[in-house]
Structure formats: structure tokens, C-alpha cells
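Structural description and commentary
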Amino acid sequence: MKKTLFDKIWDAHVVESIPNGPDILYIDKHLIHEVTSPQAFQELKDRNIPVFRPDKTVATADHNTPTENQHLPVKDLLSRKQLKELTQNCEENKITLYGLGHPYNGIVHVMAPELGITQPGMTMVCGDSHTSTHGAFGTIAFGIGTSQVAQVFASQSVLVEKPKKLRVNVNGKLKKGVTPKDIILYIISELGTNSGTGYFCEYAGNVFEEMSMEGRMTVCNMSIEMGARGGLIAPDQTTYDYVEGREFAPKGEAFEKLKTYWESLKTDEGAEFDQEYTFEAEAIEPMVTYGTNPGMGIKISQAIPVNESKSSGKALAYMGFTAGESLIDKPINYIFIGSCTNSRIEDFRIAANYIKGKKKAENVNALIVPGSRQVAAQIEAEGLHTIFEEAGFQLRQPGCSACLAMNDDKIPAGEYCVSTSNRNFEGRQGQGSRTILASPLTAAATAIAGKIVDFTKHLN
Amino acid sequence: MEKFITLTHTAVPLEIENIDTDQIIPARFLKATDKAGFGENLFRDWRFDKEGNLKEDFPLNQKKYHGQILVAGDNFGCGSSREHAAWAIKAYGFKVVVSSYFADIFKGNSLNNGLLPVQVSPEFLTELFKAIEENPSTEIKVDLENQVIKLIDKNLEERFDIDAYKKMCMLKGFDDIDFLVSKLDQIKAFEEQQTV
């Protein structure tokens, strides 16, 4: 039978299928962080169950960490307690932790790929919906709740119904200034925030084939924003080149042997999908969102569409926008370049390339937060920090930061933030904050202009 | 886990689409390391203003609406995987959430906590909102055994789907951890034959 990439990986990990019920899916790698793991550790403790395969779990601290003075004790007492509990739980259960200050520390979906923990053909889970990021490697990776984190601790498996299969193709030649973030925001704006619910999405077509691993991670990361549990892209030479030589990637003969297997991880010609969509690359432009879910996006040159629904009206009222107006020339006081969507080295190179020799507008508060310690080190090594500092941007230490504003990095009520993160929900970046999702390039251009501009006119 | 068999109760309407888990429980309340106390912060920023004053017009704050069933707009529970959302709804006192669509992770989290997500047709959802609006004391019966939700006064009912395994878990109060631990021998055997 002809199989999709998704089928091949899924079927290779089914321990048992329960009749009229879910599959027991074996998990190769489990990633954990401080926010969604404590109650799962407690659950095991209460039941007197040990962690079954502690060597298959890796921990980091990212959601609830400060982005300044990470060498000092964390000021917020609740955050400090949560971080301490993660450390204790990892010690007690012999789980590797890359905590605050460790050279491998970072946002879970940035540090695992860059350490070679993420590899093609694996099943991966994490108590975080953006686990879909790892699908960029041809991996089945999805977010789980805390009860499921406990299940993985107890059995290295989860009980989950096999999702349906969706394929999104993008073919053609991208316009100047269009980046992976614009592509995924465009797809979600076209399909809607629940179009992927119940599905796993494969991204195919020359646009994804020609994309860097960083770009593929940005795309797969936001699969959940259209409701899909995960997204994935077939591994190819770009994938192998990225994985090879990384800290925890297989070496030498072991790598070659695995690579032969990875090469088989492609959707067979004629394999069936439950749903399929195709887009033309030429139709995509830099995107911005205008509402309170990631599906409410427009091309930067377009006007906000008219939609009579109650929910749409509520969203526009929250954002302080009116249907029919353009976002061009809207004054913006905050920009944020960071989050598991856009905090890899390529994102900062793109931003720095635009910013070089320019200064941020007076009114703008520009925050740059690398995804990991390694990305931060790379920023220094390439001299990008000087560009950011000279332009008046604040370069912080790694973490999830203003994407979900669990720490002090909050956008004040009523203020707009052009943000490279993944969610523009009400209050996501701080109570009353108004988020406009965009690419690192759009965020950089906004910071320089102090307002939203159609920068594509000036690109050559 | 608490068993769920049937429930007949009044409902609170939340006629908003795409309610995300950041609204259900904002991220700043995720610093706790246990499951207690999330109920008081359910829909925090919709229930209270920045100064902590009750927003009178929000349905959960309107005295006429009360009950153990939450009826919400399409695509409920999208966004973050935080199980704290299900804990908060449960702790507030709801036992059932009805919508025309649920986000995957939220649905799983609810079922793992004895909170029953009931997916109905958009038409039936409209009927529910209408009935509650007309009479906030109208009773709704949710019968898991027969997979039927019924508007008692109007004698309107609809069948709903649920995974057979999950239904059994809800009816008996079993959870997945017990089940998986009982399968450890098979899981070990799987590991031994795993070649890559």
C-alpha cells in the first residue's frame, strides 16, 4: 500500500492499536520544561510509579525565565519555585536538564534541534503545542497536555488516535521580502484557524524543498495555529547537512546507516491524503495580522476585510482597528523578535541585514531575544550584536519572553507590538496588549520606521 | 478520575468563537506547581478588569446564568496545550463543555480530567444558545451512555460522538496511566524489536 511520510513514521511506532480506540504510540524523545511538567511528576509520585525511560527525556527551562541577569537568583518567587522544582524532579528521576545558564539552555524547540536531539523519523512529544516545530526534520512531533506528560513518564508512550492526513503544497517563485513566516501566516489566513484540527499536515512543493531548516521550523511551528496537531516536511540533503555533526546526532557509520533509512521517509507517489490544498508562491506577500487569532492575517498592502460576525467585531474592537482600513502607517511602539517561531540565527541575520547602518525610531522599544544560548553566542560571533546595539535594539538573554509574557517582558495595555511570535490572542503579550504577528524582516522594518511600512518597495 | 455517566443541569452560554486557552487561563497563572486553585482565575481577564473589578456583562458574572454546563462558540480551546485550561474549567464547577468544534489538545486534556467535551452540530449549538437566552433556567441533559444531549423543555436532542475507549474511561473513571502501565510488557517488547 502506498504510504505518506506521516504513515511511515506513525506505523513504525505503534505498539498496539486498541480496537475502536486510540493507538499506543511509542515516543523516541520527550522534551519537558518547567511549566507543564511539575503536576506530571507529582502524579507519578502519588501513584508510586517510576519514570520508565529517563534517558529518553530531556529538560530545559524556558517559559518562565527572566531574560536579564540570568546568573542571579530569579526574583519572582513563584517562578523561582517552579524552576527549583524542575531541577529537583530531574535530579530525583535522573533526567538530563539544561537549566538556566547552561550553555545548552534555550527554548525547547530551538535547543533540541540545534543539539541534534531532533532527528528524522522520530516520534517526539512535549507539553507545549509548538512541538510541531520538530516536524521540519521529517519527525512526528506534537504537543501534549500534562496528563500525557505523565503517561510518557510512566510508559514512554501515549494513547492517541491516528490523525487524518493533510497536505499543503506551495510551488513557484517567492517575491522579494517574503520569508517562511509570511508563507505560514498566508496559509493560515487562507485556511483558517481550525482547518487543520484532527490532521497532521505535510508541507510539500519546491518552496519548502528550497527552504533552510530554520525556515522549515518556522513553518512547522505554526501548524498548530491552523489547528493541526503537527506539521512535517520530508527530510532531504538540507536536513542531513543540518543534523550531521551536532552534539547528539549519530556519528560516522551510525549516521550513514540512519541516513539510508531517512532517505526512505518520503510520501510515496500516489499515496492518499484526506485533504489537500495548493498555493502559488507568487501570490504571497509579507503578512501582518489585524485580529486576535493567527488566521486573521492580511498582506501588508491589503486592507482589513469586512466581516459581519460577532467574533470578528469583538476582535477588531480589542485591536482598535476598523474593517476596511489599511495597517500601513499605523504607529507602533513595540517590536519583539524572538519566540520558538523566529529566534534562530537566520532570523537575526535577516533582521540585522535590514537594520545595519540604521537606527530604530525614537518611539520604538525594540526587544531581541535569542532562542538559545548557542544562538546568542552565534549572534556575538557574527558581530550582529553590534548592529542591534548601534541601532538601539535591546538584546536579551534566551527564553520564551514576550511571546507569552510569563516573565517581566510584557507589552503594556493598549500598546501594539509587531511580534515575530506565534499568537496574537487577547492579552497574550501582557494584559490588554495588542499583538500584530509578522516576520523578523517586517518587525525590523517597523522598528526603523516607527510604524508599519510596505518595505518591499525599497528592496532590491 | 471522577466517573461521568449522566448530568442534567442548567448552562452558562459563551457565544464567542475561537476561545483560546490563553483566555481560559492566562499564562501568568501558570506558575503553580500543583493543580489547585485554577478555578478562581478561569477567564480571568474577561471576568475582571485590570483593577480586579467584576465585569458585569460577562456571562459568567451574570446572576441569571449558572450551572455545570458551559456552552461555547465554535473551535473552543484552541492554542496552547496547557492542561491548566481543563483544570480551571473543572475547578470552577463545570462538568461538561459543549461546542460545535474543539481543538484537539484541549479535547484530550478534558477527557483526561473527567470534563466531558460534547461536540454538537452548529444548528444544535444555535438552538442551545437560543434556549438559554429565552430561559436561563432551562435544563440540558447529557447522557454519555447513550451519547445523547437533550434540551429538556423543547424536547430537542442530538447524538454526539466519542471515542469508544475514552467513553469507557469516563464511564468507569479509569485513566490512561493505569492502562499504559498495564501494557509495559508489550512496550518493552516493542523496544526490543525497534531497529531504528
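These figures come from a predicted structure and were not determined experimentally. (Residues numbered from 1 in each chain as written. Chains lettered and ligands numbered in written order. Predicted model: local features only at pLDDT ≥ 70, side-chain atom pairs only at ≥ 80, totals over all residues. Heavy atoms only, no water.)

Thoughts on the interface of chain B and chain A
- Chain B puts 55 residues into the contact, and the matching count from chain A is 68 residues.
- Between chain B and chain A, roughly 5,100 Å² of surface is buried when both sides are summed, and carbon and sulfur atoms account for 56% of that area.
- Summed over the three residues of chain B that lose the most area to chain A, namely B:Lys31, B:Thr33 and B:Ile177, the buried surface amounts to 15% of that side.
- Counting every contact that joins chain B to chain A gives eight salt bridges.
- Two residues, A:Arg47 and B:Asp175, come together in a salt bridge whose shortest N-O distance is 2.3 Å.
- Viewed at the interface, chain A and chain B are joined by 31 residue pairs in polar contact (both at pLDDT 80 or more).
- Breaking the side of chain B that touches chain A down by element, the ones donating at least two residues are helix 1 (21-24), helix 2 (44-47), helix 3 (84-92), helix 4 (104-111), helix 6 (164-172), helix 7 (176-181) and helix 8 (184-193) of chain B.
- Of the residues assigned to the side of chain B that touches chain A, the class counts are 21 nonpolar, 13 polar and 21 charged. (Contact = heavy atoms within 4.5 Å. Buried area = accessible area lost by both parts, 1.4 Å probe. Salt bridge = Lys/Arg side-chain N within 4 Å of Asp/Glu carboxyl O. Polar contact = N/O pair within 3.5 Å; in protein donor to acceptor, adjacent residues only side chain to side chain. Helix = DSSP H or I, 4+ residues; strand = E, 2+ residues; numbered from the N terminus. Nonpolar A, V, L, I, M, F, W, Y, C, P; charged D, E, K, R; others polar.)

A few points about a negative patch on the surface
Residue and element names in this part refer to chain A.
- The grouping of Asp241, Glu244, Glu256 and Glu263 at the surface amounts to a negative patch.
- Along the polypeptide, Glu256 turns up in helix 10 (residues 252-262).
- Using a relative accessible area of 42% as the deciding quantity, one classes Glu256 as partly exposed. (Patch = residues over 30% accessible without salt bridge, like charges linked within 9 Å, V, L, I, M, F, W, Y side chains within 5 Å. Areas by Shrake-Rupley, 256 points an atom, 1.4 Å probe, with all protein chains shown as cover. Lys, Arg positive; Asp, Glu negative; His and termini not counted. Charge placed at Lys NZ, Arg CZ, Asp CG, Glu CD. Buried < 20%, exposed > 50% of the residue type's maximum accessible area, 1.4 Å probe, protein only.)

Notes on the domain arrangement of chain A
Residues and elements named next belong to chain A.
- The assigned domain composition of chain A is domain 1 (5-160), domain 2 (164-282) and domain 3 (287-454).
- Centre-to-centre separation of domain 1 and domain 2, based on C-alpha positions: 22 Å.
- With 33 residues of domain 1 at the contact, the number on the domain 2 side is 34 residues.
- Carbon and sulfur atoms supply 62% of the area that domain 1 and domain 2 bury against each other, a total of about 2,700 Å² over both sides.
- Among the salt bridges present, the one from Lys8 reaches Asp268, with a minimum N-O distance of 2.9 Å.
- Secondary-structure elements contributing two or more residues to the side of domain 1 that touches domain 2 are helix 1 (5-11), helix 4 (108-114) and strand 7 (140-143).
- Per-class residue counts for the side of domain 1 that touches domain 2 are 16 nonpolar, 14 polar and three charged. (Domains from an automatic or database assignment.)

Quick word on the sheet that holds strand 15 (residues 334-337) of chain A
Residue and element names in this part refer to chain A.
- The parallel open sheet is built from five strands, whose spatial order is 17-16-15-18-19. Edge positions in the open sheet fall to strand 17 (394-395) and strand 19 (434-437), since each of these has one partner strand only.
- Bridge count for strand 16 (residues 365-368) against strand 17 is two bridges, and the pairing is parallel. Across the sheet, Ile368 pairs through a bridge with Leu395, a residue of strand 17.
- Its contacts with the sheet place helix 11 (residues 310-319) against strand 18 (416-419) and strand 19, and it is angled at close to 105° to strand 19. (Pairing = 2+ DSSP bridges. Axes fitted to C-alpha atoms, helices over the stretch in contact; angles between N-to-C directions.)

Quick word on the environment of A:Leu185
All names here are of chain A.
- With respect to the secondary-structure elements, Leu185 resides in helix 6 (residues 180-191).
- Residue Leu185 is classed as buried on the basis of its relative accessible area, which comes to 1%.
- When the C-alpha atoms of Leu185 and Val219 are compared, they prove to be 8.7 Å apart, with 34 residues separating the residues in sequence.
- For Leu185, the residues in contact, after removing those within four places along its chain, are Met222, Met287, Thr289, Pro294, Leu437 and Ala438.

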